[in-house]
Amino acid sequence: MFCEVCGARMDDNAMFCDVCGHRVMGEDTPVAPLSAAPQPMAQQQSAYAPPPAARPARSGPAFIEFNDVSKEYVMGEVTIDALDHATFDIAEGELCLIIGSSGAGKTTALNVLGGIDSVTGGQVKVDNRTITSLSNKQLIDYRRNQVGFVFQFYNLIPNLTALENVEIATQLSKNPLKPEDVLNMVGLRDRMDSFPAQLSGGEQQRVSIARALAKNPRLLLCDEPTGALDYETGKQILQLLQDTCRQTGTTVVIISHNMAFEPIADRVVRMRSGQVYDVTVNPSPMSVADLEW
């Protein structure tokens, strides 16, 4: 079997993925998919394309509803509030940035949105469906077919080529995109047969993004996607994520500690000590090309 988060091959009896550490959940009843998936991005040249003009933030109904969500971790006699009655909404097709320092709760919030972590209280809705009430089997189906994950440290399988790393994700999804098209879309047309060790950090992150996009997800969750990259490469990855959001209508959620990224987002959710203390909607997001930090 394969890990539904990163796509790595796993032993049939494994409890945890050796690549990304994801815990395998049990079986139950399958879940109906979300409404129609976004259309694939128009095919691009292998060279990285210039950024499109920024569009105003959408003002439609909430696609994601984070309602009074709490998450507690009990360690002996100590209780840690990773999320403390956190509340925010995200509209469909937005690029949302969740900002906070280490320990603010942003990674926990992302894991809850991805169906990786449970909650202690409150509820989370995605496309008007309460994902915090789904069974284990339903959560597996949700992660496989509706959510794409991009990690800080890529989590590529080292003995597979870039193309094979992306192909694994398409084997898990019901409505995947063609791996070759997605790698071309992220500017890796000439690197499909290269192994991860033969790729730069930015190229490996692009493979990671291509793997997530190949599932044709409604929701793309990015955990510090530029954290392991230099300035120029990190800027290219941010541009790619902004272009993906603009051109496909995919809802993109990025978590970061870098407040300089705020101008490029349609919506900024600021967190501190597990709480959301401010949400800002930006009517005119900046293009990543114009961003400096």
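Our subject is the structure listed above.
Residues numbered from 1 in each chain as written. Predicted model: local features only at pLDDT ≥ 70, side-chain atom pairs only at ≥ 80, totals over all residues. Heavy atoms only, no water.

1. Digging into the overall build of the protein
Note the threshold: For the purposes of this entry, the term helix denotes a DSSP run of H or I that reaches at least four residues, the term strand denotes a run of E that reaches at least two, and both are numbered from the N terminus. Computed with the Shrake-Rupley method and a 1.4 Å probe, the accessible areas treat only the protein chains shown as cover for residues.
Within the protein one finds six helices and 10 strands. Summed over all atoms, the accessible surface of the protein reaches about 12,600 Å², with 48% contributed by carbon and sulfur.

2. Brief notes about helix H5 (residues 201-214)
Quick reminder of the rule: Multiply 1.5 Å by the residue count of a helix minus one, and that product is the helix's expected span. A simple rule labels every residue: compare its accessible area, found with a 1.4 Å probe on the protein chains alone, to the largest value its type can have, and call it buried under 20%, exposed over 50%, or partly exposed in between. Between two residues, a contact is recorded if the distance between any of their heavy atoms is within 4.5 Å.
Compared with the 20 Å implied by 1.5 Å per residue over 14 residues, the 20 Å span of H5 between its first and last C-alpha is a close match. For H5, the full list of buried residues reads Gly202, Gln204, Gln205, Arg206, Val207, Ser208, Ile209, Ala210, Arg211, Ala212, Leu213 and Ala214. Looking at the buried positions of H5, the neighbouring elements they touch are strand E6 (147-150), helix H3 (162-172), helix H4 (179-185), strand E7 (219-223) and helix H6 (231-248). Immediately beyond the C-terminal end of H5, within one or two residues, lies asparagine 216, with a positive phi of roughly 60°.

3. Describing the packing of H5 against H6
Our working rule: Lines fitted to the C-alpha atoms define the axes, with helices restricted to the stretch that makes contact. Angles between their N-to-C directions range from 0 to 180 degrees. Our angle categories are set so that under 35 degrees counts as roughly parallel, over 145 as roughly antiparallel, 65 to 115 as roughly perpendicular, and the remainder as oblique. Two helices that cross are described as forming a left-handed crossing if the nearer one is turned anticlockwise from the farther one by less than a right angle, and a right-handed crossing if clockwise. Residues are grouped as follows: Ala, Val, Leu, Ile, Met, Phe, Trp, Tyr, Cys and Pro are nonpolar; Asp, Glu, Lys and Arg are charged; all remaining types, including Gly, are polar.
Here H5 crosses H6 at 15°, and the two axes come no closer than 10 Å. The orientation of H5 relative to H6 falls into the category roughly parallel. Where H5 crosses over H6, the two elements pack in a sense that is right-handed. Residues Gly202, Gln205, Arg206, Ile209 and Leu213 of H5 lie in contact with H6, whose contacting residues are Thr233, Gln236, Ile237, Leu240, Leu241 and Thr244. Looking at the contact of H5 with H6, its residues break down into five nonpolar, five polar and one charged.

4. Considerations on unusual backbone geometry
Apart from glycine, the bulk of residues carry a negative phi angle, and the bulk of peptide bonds sit in the trans form. With a phi close to 55°, aspartate 127 is a non-glycine residue in the positive phi region. Within the fold, aspartate 127 resides in the loop between strand E4 (121-126) and strand E5 (129-130). Given the relative accessible area of 27%, aspartate 127 is considered partly exposed. Despite not being glycine, asparagine 155 has its phi angle at roughly 55°, a positive value. Relative to the elements of secondary structure, asparagine 155 occurs in the loop between E6 and H3.

5. Topic: the pattern of salt bridges
Side chains that differ in charge, positive against negative, can pair when their charged atoms come close. Condition: Salt bridge criterion: a side-chain nitrogen from Lys or Arg within 4 Å of a carboxyl oxygen from Asp or Glu.
Considering all chains together, one arrives at 10 salt bridges under this definition. In this structure, the salt-bridge partner of arginine 267 is glutamate 94, at a minimum N-O distance of 2.7 Å. Of this pair, arginine 267 sits in strand E9 (residues 267-272) while glutamate 94 sits in the loop between strand E2 (78-91) and strand E3 (95-99); the two residues are 173 residues apart in sequence, bridging distant segments of the chain. The same class applies to arginine 267 as to glutamate 94, namely buried. Between arginine 246 and aspartate 266 there is a salt bridge, and its shortest N-O distance comes to 3.2 Å. Here aspartate 266 lies in the loop between strand E8 (251-256) and E9 and arginine 246 lies in helix H6, a separation of 20 residues in the sequence. A residue is classified by how much of its surface remains accessible, and arginine 246, at 14% relative accessible area, is buried.

6. Considerations on the side chain of aspartate 223
Defined as follows: Positive charges are assigned to Lys and Arg, negative charges to Asp and Glu, while His and the chain termini are left out of the count.
The topology assignment puts aspartate 223 in strand E7. At 7.4 Å, lysine 106 is the nearest oppositely charged side chain to aspartate 223, a buried residue that forms no salt bridge.

7. Here we look at the sheet that holds E4
Put simply, the rule is: At least two bridges found by DSSP between two strands is the condition for calling them paired.
Spatial strand order, E2-E1-E4-E5: four strands in an open sheet with antiparallel pairing. Because the sheet does not close on itself, it has two edges, and the strands there are E2 and E5. Where E4 and E5 come together, two bridges link them in antiparallel fashion. From the neighbouring strand, lysine 125 faces E5, where its bridge partner is threonine 130.

8. Re a nonpolar patch on the surface
This is how the line gets drawn: To count toward a patch, a residue needs a relative accessible area over 30% and no salt bridge; like charges are then connected within 9 Å, while nonpolar side chains (Val, Leu, Ile, Met, Phe, Trp, Tyr) are connected within 5 Å.
Taken together, the side chains of Tyr73, Met75, Val78 and Ile80 define a hydrophobic patch exposed on the protein surface, amounting to about 370 Å² of accessible area. Counting only elements with at least two residues in the nonpolar patch, the list comes to strand E1 (62-75) and E2. Residue position: tyrosine 73 is located in strand E1.

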